[in-house]
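Here are the chains, one letter per residue:
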Amino acid sequence: MYVGALVGPGLLLVPALAVQAAGPASILAWLGVLALSAPLAWTFVTLAVRYPTAEGVAAYVRAAFGETAAGVAGTCFVGGVFVGAPAVALTGGLYVAELTESGTGVAVAVGLAIAGAVLAANAVSLRLSSGVQLALASVLVGIVALAVLVALPGNVTRNWTPFAPHGWWAVGTAANILMWLIFGWEAMAQLAGDFRRPDRDLPRAAAIAFGTITLLYAGLGVATIVVTADASSHVPLADLMAVGFGEVGRAATALLALVLTMGAMNVYVGSSAKLVEALVKARALPRWLSDGTDRDIPRRPLVVLGVLCVCLLGVLAAGVMTPDGLIRATSACFVAVYVLALAAAVRLLTGRQQIAAVVALALVCVVGVFSAGYLLVPALAAGLAIAVRRSASRRALVSADPSSPREEVTVGTQAECPVGSAEGHR
């Protein structure tokens, strides 16, 4: 389950974007991101063992900094999902376009179809179970491992020169893109209470997951460099499979990409819609985002996400933005979430665990610098959360002021607690 929380559709596209950003020097970005994963994993495991709560990151941020900071973290997370969803849909579209030898227009059209199908399914509460998504992620791990084992022999010395064609600063940009692939170390924290012995079992699970992910990602990073000779490729996994299995492997990978992207979107879209509802109740998002109903999946957030998908994919079709732009905007949002969570860890933990949290926080901040202008996305999300909470606080103060006009009395009756009386003031 821990490996499944980390592995997702990003593996289908992100490795190629890292190579395009930094060339063969992207292997340094891979190594840096994997090195960052060690203190990240340790910090979140420690937090999970000490604070076994289903709220996960939000609970840590709330305990350290209060409700407003928790609202900011939740809103940045929603922003990451809402910007990342079109990127995931486009990933599936790119593989289908590759299979059919079509262009960007077909990729965008397929992406819109994927997004529409997932949103419609969630609107009628037809959700893919997390167990099915876990199975799909397991298949992806197997496919990636197979592709690496097939592609590396005989090719491992190819395409290593020039090593840093875009300069050394580009390594940081590649690391910023690759951050997409390590978001998920905090996910298992929400299940800490379900372990029989979380203090023993959760660290073991994290250690096994870290070893698996390190081998998988290191192999994939090298294989993408040595096999993807065409720097404009957006289907690195299909390129790897084609080395050993020809067009049959490429076609099979395209079909897998389509299923996997729809599965991942189905799980995350429904969960995020429910998170939006919770953030509205916590006064971190505007009230108009809430349906005010008891539906299993709120529909209004789905409508907002649908409009956003159409707009962003339309921008991609027009050539105004590239896929790496969506990836970096998404990474910027999750970097903001991690900064808040790790800052909370620094405040809540002590000893060696606190040192690990400090190291992880420093490294995440360094990678976050390379988000550059994309940091505007989480900044806008944070500003929205803070503005909504302040507005709600002002309304609460006005309604609590006994000298202000009132249309209704929420506690007691006007006869029992007349406005202006001692009981009314109390």
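Residues numbered from 1 in each chain as written. Predicted model: local features only at pLDDT ≥ 70, side-chain atom pairs only at ≥ 80, totals over all residues. Heavy atoms only, no water.

**Structural notes on the overall build of the protein**
Helices and strands together make up the secondary structure of the protein, namely 15 helices and zero strands. If you line up the protein on its principal axes, its C-alpha atoms span 85 × 50 × 45 Å. Residue burial in the protein is summarised as follows: out of 426 residues, 50% are buried. Counting only carbon and sulfur atoms, one obtains 65% of the accessible surface of the protein, whose full area is about 18600 Å². In the protein, 25 side chains carry a positive charge and 21 a negative one; their mean positions are 7 Å apart. (Helix = DSSP H or I, 4+ residues; strand = E, 2+ residues; numbered from the N terminus. Buried < 20%, exposed > 50% of the residue type's maximum accessible area, 1.4 Å probe, protein only. Areas by Shrake-Rupley, 256 points an atom, 1.4 Å probe, with all protein chains shown as cover. Lys, Arg positive; Asp, Glu negative; His and termini not counted. Charge placed at Lys NZ, Arg CZ, Asp CG, Glu CD.)

**Details of a positive patch on the surface**
On the surface, Arg283, Arg287, Arg390, Arg394 and Arg395 cluster together to form a positively charged patch. Within the secondary structure, Arg283 sits in the loop between helix H10 (236-281) and helix H11 (300-317). (Patch = residues over 30% accessible without salt bridge, like charges linked within 9 Å, V, L, I, M, F, W, Y side chains within 5 Å. Salt bridge = Lys/Arg side-chain N within 4 Å of Asp/Glu carboxyl O.)

**So, the side chain of Ser290**
Within the secondary structure, Ser290 is located in the loop between H10 and H11. Classification of Ser290 as buried rests on a relative accessible area of 14%. Of note is the side chain of Ser290, whose polar atom sits 2.8 Å from the side chain of Glu277. The residues touching Ser290, leaving out its near neighbours within four places in the chain, are Glu277, Val280 and Arg300. (Polar contact = N/O pair within 3.5 Å; in protein donor to acceptor, adjacent residues only side chain to side chain. Contact = heavy atoms within 4.5 Å.)

**Comments concerning the nonpolar core**
Ranked by size, the top nonpolar core spans 134 residues in total, and within it Leu11, Leu40, Phe44, Leu140, Trp185, Tyr217 and Met265 carry the most contacts. With 17 residues, helix H5 (residues 67-99) is the single largest residue contributor to this core. Residues contacting Leu40, with those up to four places away along its chain left out, are Ile182, Trp185, Tyr338, Leu342, Ala360 and Val364. (Core = buried A, V, L, I, M, F, W, Y, C linked by side-chain atoms within 4.5 Å.)

**Points about the pattern of salt bridges**
Summed over the entire model, instances satisfying the criterion amount to five salt bridges. Residue Arg62 is joined to Glu67 by a salt bridge in which the shortest nitrogen-to-oxygen separation is 2.9 Å. When its relative accessible area of 38% is taken as the criterion, Glu67 is described as partly exposed. For the salt bridge of Asp239 with Arg250, the shortest nitrogen-to-oxygen distance reads 3.3 Å. When sorted by exposure, Asp239 lands in the same class as Arg250, which is buried. Among the charged side chains, a network of salt bridges with common partners joins Glu98, Asp239, Glu247 and Arg250.

**Overview of the state of the cysteines**
Considering all chains together, one arrives at zero disulfides under this definition. There is no disulfide at Cys76, and the cysteine sulfur nearest it, in Cys333, is 6.2 Å away. Here Cys365 is not disulfide-linked; the sulfur of Cys76 is the nearest cysteine sulfur, at 13 Å. On the accessibility criterion, Cys365 (37% relative accessible area) is partly exposed. (Disulfide = S-S within 2.5 Å.)

**Here we look at helix H12 (residues 323-348)**
A rise of 1.5 Å per residue sets the reference length of H12, with its 26 residues, at 38 Å; its end C-alpha atoms lie 38 Å apart and thus fit the reference within 8%. Burial within H12 is extensive, with 19 of its 26 residues counted as buried. (Expected span 1.5 Å × (residues − 1).)

**Examining a nonpolar patch on the surface**
Judged by side-chain polarity, Leu28, Leu31 and Trp168 come together as a nonpolar surface patch covering roughly 340 Å² of accessible area. Assignment of secondary structure puts Leu31 in helix H3 (residues 26-50).

**Brief notes about the packing of aromatic side chains**
Each pair of aromatic rings is reported with the distance of its centres and the angle of its planes. Counted according to the given criterion, the structure contains 10 aromatic pairs. When the ring of Trp30 is compared with that of Tyr217, the centres are 5.8 Å apart and the planes differ by 70 degrees; the resulting orientation is edge-to-face. Of the two residues, Trp30 sits in helix H3 while Tyr217 sits in helix H9 (residues 198-227), which places them 187 residues apart along the sequence. Consider the rings of Phe77 and Phe334, whose centres lie 5.4 Å apart with planes at 80 degrees: the pair is edge-to-face. One end of the pair, Phe77, is in helix H5; the other, Phe334, is in helix H12, and 257 residues separate them in sequence. Judged by its relative accessible area of 25%, Phe77 falls in the partly exposed class. (Phe/Tyr/Trp six-rings, centres within 6.5 Å; stacked < 30°, edge-to-face > 60°.)

**Brief notes about the packing of H3 against H9**
The description of two helices packed together rests on the angle between their axes and the distance between the axes. It is at 10 Å that the axes of H3 and H9 come closest, and there the two elements cross at 170 degrees. Here H9 runs roughly antiparallel to H3, going by the angle between their axes. Its residues placed into classes, the contact of H3 with H9 shows 18 nonpolar, four polar and one charged. (Axes fitted to C-alpha atoms, helices over the stretch in contact; angles between N-to-C directions. Parallel < 35°, antiparallel > 145°, perpendicular 65-115°, else oblique. Nonpolar A, V, L, I, M, F, W, Y, C, P; charged D, E, K, R; others polar.)

**Looking at the environment of Ala254**
By the element assignment, Ala254 lies in helix H10. A sequence separation of 17 residues divides Ala254 from Leu237, and the C-alpha atoms of the two residues are 9.0 Å apart. Ignoring sequence-local partners within four residues, the contact set of Ala254 consists of Tyr95 and Leu99.

**A short note on the packing of helix H6 (residues 104-123) against H10**
Interhelical geometry of H6 versus H10 gives an angle of 40 degrees and a closest axis separation of 9 Å. Taken together, the axes of H6 and H10 lie oblique to each other. H10 is crossed by H6, and the crossing has right-handed handedness. Only Leu258, Thr261, Met262, Met265, Asn266, Val269 and Gly270 of H10 make contact with H6, whose side of the interface consists of Val110, Ile114, Ala115, Ala117, Val118, Leu119, Ala121 and Asn122. Residues that form the contact of H6 with H10 fall into these classes: 11 nonpolar, four polar and no charged. (Left-handed = near helix turned anticlockwise from the far one by under 90°.)

**Comments concerning unusual backbone geometry**
The omega torsion across Thr161 and Pro162 is -10 degrees, close enough to zero to call that bond cis. Position of Pro162 among the secondary structure elements: in the loop between helix H7 (130-151) and helix H8 (169-178). Even without being glycine, Arg283 reaches a positive phi, approximately 60 degrees. What makes Arg283 partly exposed here is its relative accessible area of 37%. Not every positive phi belongs to a glycine, and Ala372 is a case in point at roughly 50 degrees.

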